[in-house]
Amino acid sequence: MSQDTDQTRLDYLDRPQFQSLLDVLQDAGFRCVGPQVSDHAIVFEEISYVGQLPTGMVDRQGPGRYTLKDTGTGRFFYWVSGPQALKPHLFLPREVLWQVDRDDDGKLHFSSACGQPQGVAFIGVRSCDLAALDLLDRHFLQGDYVDSAYQSRRQQIFIIAVNCARSAETCFCHSTGDGPQVRGGGYDLLLSELDEGFIITSGSSKGDEILVRLPLRASTNQQHEQVRQELVSAEQQQRSLPSTDLNEKLMSQLEHPRWDDLQERCLSCGNCTAVCPTCFCHSEIDHPGLNGMTSEHIREWDSCFTSGHSYIHGHVLRDDTRKRYRQWLTHKLATWHDQYQRSGCVGCGRCITWCPVGIDLTEEVAVICGGDAHG
Amino acid sequence: MDNVGMPHEAEVVEKIIESKSIFTLRLRFTDPQVQASYRFLPGQFNMLYLYGAGEVPISVVSDPLDEHIFDHAIRAVGRITNALSRLEQGDRLGVRGPYGRGWPLQEMEANDLVLITGGLGCAPLVSVINYVMRRRELFNRFVIMQGVKHSDDLIWRSRYQEWQQQPDTQVYLAADQAGPGWPWTTGPISALFKQAEFDVARSKAMLCGPEGMMFVAIDELTRRGMPESDIWLSMERNMQCAVGHCGHCQYGPHFVCKQGPVFSYPEVRQLHWVAGF
Ligand SMILES: Cc1cc2nc3c(=O)[nH]c(=O)nc-3n(C[C@H](O)[C@H](O)[C@H](O)COP(=O)(O)OP(=O)(O)OC[C@H]3O[C@@H](n4cnc5c(N)ncnc54)[C@H](O)[C@@H]3O)c2cc1C
Ligand code: SF4
Ligand code: SF4
Ligand code: FES
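(A) Fine view of the domain arrangement of chain B. Residue and element names in this part refer to chain B. Partitioning chain B into structural domains gives domain 1 (8-99) and domain 2 (106-272). Summed over both partners, the interface of domain 1 with domain 2 buries about 1600 Å², with 63% contributed by carbon and sulfur atoms. At the junction of domain 1 with domain 2, the criterion picks out four salt bridges. The partner of D63 in a salt bridge is R135, and the shortest N-O contact between them spans 3.0 Å. Here domain 1 is connected to domain 2 by three residue pairs in polar contact (both at pLDDT 80 or more). When residues of the side of domain 1 that touches domain 2 are traced back to their parent elements, those giving at least two are β3 (45-50), β4 (54-59), β5 (70-75) and β6 (92-99).

(B) The arrangement of the site of ligand 1 in detail. Taken together, 23 residues sit near ligand 1, with Y311(A), H313(A), P57(B), T81(B) and E236(B) positioned nearest. More than one chain reaches ligand 1: its neighbouring residues belong to chains A and B. Contacts to ligand 1 include G78(B), whose backbone N or O atom sits 3.3 Å from an oxygen atom. Contact between ligand 1 and R79(B): an oxygen atom at 3.0 Å from a main-chain N or O atom of the residue. When ligand 1 is considered free in solution it has 820 Å² of accessible area, and contact with the protein chains removes 88% of it. Contributing elements (two or more residues each) for the shell around ligand 1: β15 (311-312) of chain A together with β4, β5 and α2 (79-84) of chain B. Per element, the largest residue contribution to the shell around ligand 1 is five residues, and it comes from β4(B).

(C) Summary view of the interface of chain B and chain A. On the side of chain A, 50 residues touch chain B, which itself brings 44 residues to the contact. Contact with chain A buries surface across chain B, with Y51(B), H245(B) and F277(B) losing the most and accounting together for 20% of the total. Counting every contact that joins chain B to chain A gives zero salt bridges. Considering each element in turn, the side of chain B that touches chain A owes the most residues, six residues, to β6(B). Classifying every residue of the side of chain B that touches chain A by side-chain character gives 19 nonpolar, 18 polar and seven charged.

(D) Spotlight on the sheet that holds strand β7 (residues 108-112) of chain A. All names here are of chain A. Ordered by their spatial adjacency, four strands build an open sheet running β7-β6-β14-β13, and the pairing between neighbours is antiparallel. The two strands at the open ends of the sheet, each matched to only one other strand, are β7 and β13 (282-288). Strand-to-strand twist across the sheet, computed as the mean angle between neighbouring axes with direction ignored, equals 25 degrees. Sheet topology places strand β6 (residues 94-102) next to β7; five bridges connect them, and they run antiparallel. Across the sheet, residue V100 finds its bridge partner in β7, namely F110.

Parameters at a glance
- Residue indices follow the written sequence of each chain, beginning from 1 at its first position.
- For this description, chains carry letters from A and ligands carry numbers from 1, given in the order in which they are written.
- The model is predicted, so local features are restricted to residues of pLDDT at least 70 and side-chain atom pairs to those at 80 or more, both for listing and for counting; the totals for chains, interfaces and linings are taken over all residues.
- Note: side-chain values were computed over all heavy atoms of the structure, leaving out hydrogens and water.
- Throughout, the edges of the domains are those of an automatic or database domain assignment.
- Two parts placed together each lose some accessible area under a 1.4 Å probe, and the buried area is that loss summed for both.
- Think of a salt bridge as a Lys or Arg side-chain nitrogen and an Asp or Glu carboxyl oxygen that are within 4 Å of each other.
- N or O atoms closer than or at 3.5 Å make up a polar contact, with two conditions inside protein: a donor-capable atom paired with an acceptor-capable one, and, for residues adjacent in sequence, both atoms drawn from side chains.
- The helix and strand labels rest on DSSP assignments: H or I over at least four residues marks a helix, E over at least two residues marks a strand, and numbering proceeds from the N terminus.
- Proximity is defined per residue: if any heavy atom of the residue lies within 4 Å of a molecule or strand, that residue is considered near it.
- In this description, accessible areas are obtained by the Shrake-Rupley approach with a 1.4 Å probe, and a residue is regarded as covered only by the protein chains that are shown.
- The criterion used for residue contact is that any of the two residues' heavy atoms lie within 4.5 Å.
- Gly is put with the polar residues, along with every residue not named as nonpolar or charged; the nonpolar set is Ala, Val, Leu, Ile, Met, Phe, Trp, Tyr, Cys and Pro, and the charged set is Asp, Glu, Lys and Arg.
- Strand pairing requires that DSSP identify at least two bridges connecting the strands.
- Orientation is described by axes fitted as lines to C-alpha atoms, over the contacting stretch for helices, and by angles from 0 to 180 degrees between their N-to-C directions.

Here you go:
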């Protein structure tokens, strides 16, 4: 045993043993969901064996641009982010909330459609994803009303977070205080990936139970130092948002000419809101069955970029893209502070990457709040 | 536990046709326990669910002390409200609520009340009129001002005449365009302010209607010296969930369904003059 190991610290999992983590989780009753390559992007889907992980893949991201490249390394988590965080797994893009049956006398019987979902273990959750999850929790669970559909899934999850060893070109989580290192809690297990294996620690009693069943050995100080260095380099990000509260600044620039300029570029497609891990807008619709005796009440993701979003009888309040982009940006970065005591942006950069015309909110903010009115 | 967003079944106890497009549904929850525990304040609203069609937000207009029944005055304007207008006595629908914040009527006691409405009779304030008329002694002067586009749009004409007969009550109506036999003012709602008598230092104003009309009224009131914090208004936005989750009614720092629909003017002033929020 080399002298810089600490025998009391059993926190190292060799790469060839990673399958044991999946096995132990499945044995504990969890369905494992982790990163995989699908349609040239990293997405979170069900996995059962290590071979499904995106080994060696890194993502190159830029405004309106995303490509994956195989680097040939053995790392599973060298990529940074794909188009989705945990949002679509907890707040489903479409789900039945309740159902109503109508009997022959016209009487109505309402029943909840929320089941008891199976526990899901999410593998490879980033620091920004945890911050976004905390925001969804504040929204769906910590207000006056609890959303039972979200809650039933949320209660069953097990989170295996991972520290980011690199940042994408679009990341700015360091400026928002949400990454790239996982700080604070919100996870059950936390991985830091090295070429040969993982430093793994627990953040909860559920995490402890899984950890003791893994074939761990002691890590070295050198390995910890390596993790630290990679985190420091991941902190060197090209983009940033001002770390100050933008609430007052943005809300005093509602007539800035840049909003008109945005109107000419933005397609109002809503991609940014779909990929944003904190956007929660949804619509409720009813879907009557063909037999005429039942009807389902469904919720579907919606976007403040649609005309229906601000419809009230007879007119649309946000009838142009200028008003819609302004609505989105001012809510996300300004009035979220009033509603959730922090900004709605965790710096993941997804809205920059997945915007078909490459609109970059950090650049828009710099112009709108910076007094540089070249728009 | 109950799913928060799930309606309870209610029954149409009576349907009253108020005008060509406006009708009142008097409702009761079919489960007596649900009915017994149902409490609301004027200004709050319910989500009414019509089988297979969907839900709409509608204010409660009856008196909060009526324990056996609650009323909704509805204007048929679109898909769901038109379908609701075809309901008859005994028909079933879904109701969940009440939601939002109502008018702070208890804090307004011992003041003059100034009600200003525009459009076709404004449900959130009809409930206030009913409430005050039953408790007339709790309030001082009662001023009701209503503006309509055309005199034919005024519903409940006889009720306004009745209200006008009540002690210490002033009713002023203005129609932008008036047909023959219109006994009240012809012109914009601002024309009514000259006639109204109230003590700005001891008054509370309640506004409801199109936002353009509310701007004019707020302007008149503040010019007359009423503090902004004594002005209250009810707002409308698209509403899908009514519990602050769907984001449709988000208005600056608020969700209208939760922090509203009734706001004090300083709470919403920041955005009130900006189109698109
Ligand atoms: C807090 C509140 C209280 C209200 N109280 C009353 C009342 O007491 N009496 C009354 O007649 N009307 C009231 N309204 C307006 C009423 O909700 C709309 O007229 C109704 O939603 C129109 O639905 P529709 O399907 O008939 O019309 P459509 O034009 O076909 O509307 C389609 C959908 O758009 C949405 N929508 C349309 N207009 C509105 C609107 N003004 N507000 C919110 N969502 C809208 C609804 O989801 C509706 O189902 C109130 C609205 C709010 C927000
Ligand atoms: S606004 Fe953009 S960068 Fe911020 S959390 Fe949403 S998708 Fe990520
Ligand atoms: S900012 Fe980009 S992604 Fe968002 S709606 Fe506009 S064009 Fe679509
Ligand atoms: S109606 Fe859904 S947030 Fe207000």
